[in-house]
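Observations on the model geometry
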Amino acid sequence: MTTAPWRDPALPAAARVDDLLSRMTLEEKTAQLYGVWVGADTDGGGVAPHQHDMTADHDWDELITLGLGQITRSYGTAPVDPGLGAQALARAQRQIAAAGRFGIPAVAHEECLAGFTAWQATAYPVPLAWGASFDPELVEDMARRIGHDLRAAGVHQGLAPVLDVVRDLRWGRVEETIGEDPYLVGTIGAAYVRGLESAGVVATLKHFAGYAASAGARNLAPVRAGAREFADVTLPPFEMALREGGARSVMAAYTETDGVPSSADPALLTRLLREEWGFTGTVVADYFGIGFLESLHRVAGTPAQAAHAALLAGVDVELPTLKCYGEPLRDAVRAGEVPEELVDRAARRVLLQKCELGLLDEDWEPEPTAPVDLDSTGNRALARRLAEESVVLLDNPDGLLPLAPGTRIAVVGPRADDALAMLGCYSFPSHVLPHHPGVPAGIGIPTVLESLRAELPDAKVTFAPGCDTSDPDTGGFAEAVARAAEADVCVAVLGDRAGLFGRGTSGEGCDATDLNLPGVQAELLDALVATGVPVVLVLLTGRPYALGRWHGRLGAVVQAFFPGEEGGPAVAGALSGRVNPSGRLPVSVPRLPGGQPWTYLQPPLGLAGEVSNLDPTPLYAFGHGGSYTTFEWVPDTRDENAETGTDGSYDVSLTVRNTGDRSGAEVVQLYLHDPVASVTRPDVRLIGYRRVELAPGEASRVTFRFHPDLSAFTDGSGRRIVEPGALELRLAASSTDVRHTARLRLTGPVREVGPDRRLRCGTEVSPAGAGA
């Protein structure tokens, strides 16, 4: 029997795909460009925007005779036992391969933002918690585990990570982001990509690009970012995740920037992404994003016109199901309205990726090779560690924390005894199970109340919820106040309820009008503080909330950003002292609930000044976080007025010593201040960081290897340049807590840099000797 060239694994992938394409009909080629979402809800209560009016039923048996590009969320649509789900997916793949002339299976994709979004799968902390950990190596380990679980279940592509940089804290999807700084987002995001891709799963960068900058923090609102903000804030994390992480897919954003929707923007998806950055993978649509070109953006009059615009821009795959790339596209090609070359270009990219995944090989097998366990002991241990590292001690002015073992503790608040308080909107129990009442979560999720009782068995712990997360009813205040008044300390556990499209206080489509605590939780906190009993505020949220109203009136403040299924023990461990908090803020915590949008990346006019009575200075700055131990910083004593060329290098070093009586982690941060530039620059911006674990008395020397590329910015003509002149390299514990400043002058000519510029500040940690 002669094997067709496209089946021959000894041939280069490009040759195999060219041979295959030459044999395919137009119908077979377009079938590779769309997914099918079997079982998607059409009654208006779905998990994607406009799912009810963009989803139609399809004849599966007839459809797959042409082949199929993608299977949409076979695990993430309804609760399915993982083992049975793997068998069902394998059967579907066998059907697809048997039905088509070429026997090509589909790419199966799933959400994996905070773990595999499947029933009984580990619910990890949300990305904002990854950012709070400042630990890319741990995030990479997590993503590798997620990737192995996906592959074990027969899934090839994961729709993560989110690389949007927070621009307005009111936006509902802040919980899905890594933070408000592009360097933090890029380094953590690239680590996630490396982990997922190392497991053989295609990582999908989203949302490309500008989605988080939507006007008024409204989901899918127009983006009004300027060209330099777009180039210097929005794009770098994507570039880093492609260059350093090796992501093989990119998802086009829903939004439009300056009148051009991302899904119809060839300057973004072809000229920048492919021609300048050299990306060779696939671009997929966000769910229904191609159809939205007609229905929401109104830049297309028909589904065929929407398909033409998206293909021309560079969108290769329509997700989650076919509306535009199926019959409307085929008819338009046959009518001469859409060049078939555009279909061929997209199909070639899709088939090249299938070839990489082994889906064109004759020995391809869809059945799982081992039992599918999506919440293993190892998963839970890693979820616990990441949750513990992400807890941020915002304030502990009088050392109220850790709590004493025999303390009388009143635990109060609507988030204290609710397992869902730990989970973001893309964790399966929050994302899918609301549509399946009565189905259990499928994983163990200890609450803060349960965990605190286990953590402090000798303490007398009482509980009252006080109120609901968002309901205005204050009927529970009296009992909550009574419990607090009887205690030595009150632990108030407040925060968000994750949901979708207005069904929560945080999550996709759950945008906030201001940064007041949801519902009547602020009033409950006022009532608890008024008892005179010391109050420890614990926040389980998807975004930061304004806390200036209680500054100086609380015994301590602990922030956890939806810390996942092991978040309860992690928070309780921080309260008891078993865990020494080491998280740092990936977003600023505002003093007042208004005055948004604001992040720390502000040029001079964005800072407090005499020209306005409104002071946007945050209560707790980006990078801030406390500890139960103390650290001494001793900077290098070299000449602080050094010079190097605009293509030179300069090392900044310091020694960090743990001067306390317990182990802890310090996060050393390096910020750049550019006193004078040809366009306005952020007053400070993060260009490097290193998390350092130290035992009592232990010291480490931390060296940052600065390259002037890290000072590059987009000038008035649109070039990315390194300018000569004075710079300040600030070693700091947060964006405002500067411990040492190294002054450096760049000499030589202005230097233009391109996509090959250095994106990361190298760091080195070495022992510095022991001693108290």
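Residues numbered from 1 in each chain as written. Predicted model: local features only at pLDDT ≥ 70, side-chain atom pairs only at ≥ 80, totals over all residues. Heavy atoms only, no water.

1. Observations concerning the overall build of the protein
- Looking only at helices and strands, one finds 21 helices and 27 strands in the protein.
- In summary, the protein has a C-alpha radius of gyration of 26 Å against a globular reference of 28 Å for 772 residues, a match within 12%.
- Principal axes of the C-alpha set define a box for the protein whose edges measure 80 × 70 × 50 Å.
- Residue burial in the protein is summarised as follows: out of 772 residues, 62% are buried.
- Across the protein, contacts joining residues at least 24 apart in sequence account for 80% of those joining residues at least 6 apart.
- Carbon and sulfur atoms make up 49% of the accessible area of the protein, which totals about 26,700 Å².
- The distance from the centre of the 66 positive side-chain charges to the centre of the 100 negative ones in the protein is 3 Å. (Helix = DSSP H or I, 4+ residues; strand = E, 2+ residues; numbered from the N terminus. Rg over C-alpha atoms; globule rule 2.2 N^0.38 Å. Buried < 20%, exposed > 50% of the residue type's maximum accessible area, 1.4 Å probe, protein only. Contact = heavy atoms within 4.5 Å. Areas by Shrake-Rupley, 256 points an atom, 1.4 Å probe, with all protein chains shown as cover. Lys, Arg positive; Asp, Glu negative; His and termini not counted. Charge placed at Lys NZ, Arg CZ, Asp CG, Glu CD.)

2. Examining the pattern of salt bridges
- In this structure the tally under the stated criterion is 51 salt bridges.
- Residues Asp-316 and Arg-349 are paired through a salt bridge, measuring 2.9 Å at the closest nitrogen-oxygen approach. You can see Asp-316 sitting in the loop between helix H13 (303-313) and helix H14 (327-334) and its partner Arg-349 sitting in helix H15 (residues 340-356), a full 33 residues away along the chain.
- A residue is classified by how much of its surface remains accessible, and Arg-349, at 13% relative accessible area, is buried. (Salt bridge = Lys/Arg side-chain N within 4 Å of Asp/Glu carboxyl O.)

3. Section: the pairing of strand E3 (residues 107-111)
- Burial of E3 is extensive: five of the five residues sit out of reach of the surface.
- Neither face of E3 is open: one carries Val-107, His-109 and Glu-111, the other Ala-108 and Glu-110, and all of them are buried.
- Sheet analysis places strand E2 (residues 70-72) next to E3, joined by three bridges and oriented parallel. Of the residues in E3, the one forming a bridge with Gln-70 is Val-107.
- Running through helix H5 (residues 82-99), the crossover from E2 to the neighbouring parallel element E3 is right-handed.
- Taken together, the three bridges between E3 and strand E4 (residues 157-159) define a ladder with parallel strand orientation. Note that in E4 the partner of Glu-110 across the bridge is Gly-158. (Pairing = 2+ DSSP bridges. Right-handed = clockwise from strand over helix to strand, strands pointing away.)

4. A look at the side chain of Thr-72
- Position of Thr-72 relative to the elements: it lies in strand E2.
- Within the local environment of Thr-72, its side chain forms a polar contact with the backbone oxygen of Pro-320, the two atoms lying 2.6 Å apart.
- Among residues more than four places away in sequence, those in contact with Thr-72 are Gly-35, Val-36, Trp-37, Thr-77, His-109, Tyr-287, Leu-319 and Pro-320. (Polar contact = N/O pair within 3.5 Å; in protein donor to acceptor, adjacent residues only side chain to side chain.)

5. Topic: the environment of Pro-724
- Of note, Pro-724 is situated in the loop between strand E23 (720-722) and strand E24 (725-732).
- Sequence separation of Pro-724 and Asp-344 is 380 residues, and the distance between their C-alpha atoms is 47 Å.
- Discounting chain neighbours no more than four positions away, the residues touching Pro-724 are Thr-646, Leu-746, Thr-747, Gly-748, Pro-749 and Val-750.

6. So, the packing of H13 against H15
- The geometry of H13 relative to H15 is characterised by a closest axis approach of 10 Å and an angle of 55° between their N-to-C directions. Compared by their axis directions, H13 and H15 come out oblique. Between H13 and H15 lies a crossing whose hand is left-handed. Touching His-308, Leu-311 and Leu-312 of H13 are Leu-342, Val-343, Arg-345 and Ala-346, all from H15.
- Split by residue class, the contact of H13 with H15 holds five nonpolar, one polar and one charged. (Axes fitted to C-alpha atoms, helices over the stretch in contact; angles between N-to-C directions. Parallel < 35°, antiparallel > 145°, perpendicular 65-115°, else oblique. Left-handed = near helix turned anticlockwise from the far one by under 90°. Nonpolar A, V, L, I, M, F, W, Y, C, P; charged D, E, K, R; others polar.)

7. Looking at the nonpolar core
- Tyr-192, Phe-208, Tyr-325, Leu-547 and Leu-729 are the most contacted members of the largest nonpolar core, which has 213 residues in total.
- Counting residues per element, this core draws most heavily on helix H8 (residues 182-198), which supplies eight residues.
- For Tyr-192, the residues in contact, after removing those within four places along its chain, are Cys-112, Trp-130, Val-139, Met-142, Ala-143, Ile-146, Ala-160 and Pro-161.
- Judged by nonpolar contacts, the second largest core, of 35 residues, contains Ala-421, Ala-459, Val-493 and Ala-574. (Core = buried A, V, L, I, M, F, W, Y, C linked by side-chain atoms within 4.5 Å.)

8. Description of the layout of surface pockets
- A volume near 820 Å³ is recorded for the largest pocket.
- In terms of lining, the largest pocket is formed by 40 residues, of which the most central are Pro-182, Glu-229, Asp-232, Val-233 and Leu-601.
- For the lining of the largest pocket, the secondary-structure elements that each account for two or more residues are H8, helix H9 (227-234), helix H10 (236-243) and strand E20 (685-694).
- Looking at the lining of the largest pocket, the element that brings in the most residues is H9, giving four residues.
- By residue class, the composition of the lining of the largest pocket is 21 nonpolar, six polar and 13 charged.
- With five residues, the top contributor of residues to the lining of the second largest pocket is helix H11 (residues 266-276).
- Residues belonging to the lining of the second largest pocket are distributed by class as follows: twelve nonpolar, six polar and nine charged. (1 Å grid on protein atoms, 1.4 Å probe; cavity = no way out; pocket = protein on both sides within 12 Å on 5 of 7 lines; lining within 4 Å. Points joined across faces, edges and corners; volume = space filled by probe spheres on them.)

9. Some remarks on the pairing of E24
- Among the eight residues that make up E24, seven are buried, leaving the element largely enclosed by the rest of the structure.
- For strand E19 (residues 664-673) and E24, the ladder comprises five bridges, and the chain directions are antiparallel. Of the residues in E24, the one forming a bridge with Gln-669 is Ala-732.
- Pairing analysis gives eight bridges linking E24 to strand E25 (residues 738-747), with the strands arranged antiparallel.

10. As for the sheet that holds strand E9 (residues 282-285)
- Spatially, the seven strands line up as an open sheet ordered E1-E2-E3-E4-E5-E6-E9, and their pairing is parallel. Whereas interior strands pair on both sides, the edge strands pair on one side only; in this sheet they are strand E1 (35-36) and E9.
- Running at roughly 110° to E9, H15 makes contact with E3, E4, strand E5 (202-208) and E9 of the sheet.

11. Section: the packing of aromatic side chains
- In the structure shown here, the tally under the stated rule is 16 aromatic pairs.
- An angle of 80° between the planes, with centres 5.8 Å apart, marks the rings of Trp-6 and Phe-102 as edge-to-face. Here Trp-6, found in the segment before helix H1 (13-23), pairs with Phe-102, found in the loop between H5 and E3; they are 96 residues apart in sequence, far enough to count as distant. The exposure classification of Trp-6 matches that of Phe-102, with both residues buried.
- Taken together, a centroid distance of 5.4 Å and an interplanar angle of 40° make the contact between Tyr-254 and Phe-292 tilted. Within this pair, whereas Tyr-254 is found in the loop between strand E6 (249-252) and strand E7 (256-257), its partner Phe-292 is found in helix H12 (residues 289-295), the two being separated by 38 residues in sequence.
- Classification of Tyr-254 as buried rests on a relative accessible area of 5%.
- Taken together, the ring pairs connect Trp-37, Trp-171, Tyr-211, Tyr-254, Tyr-287, Phe-288 and Phe-292 into an aromatic cluster.
- Across from the ring centre of Tyr-426, 5.5 Å away, lies the NZ or CZ of Lys-206, which sits over that ring. (Phe/Tyr/Trp six-rings, centres within 6.5 Å; stacked < 30°, edge-to-face > 60°. Lys NZ or Arg CZ within 6 Å of the ring centre and 35° of its normal.)

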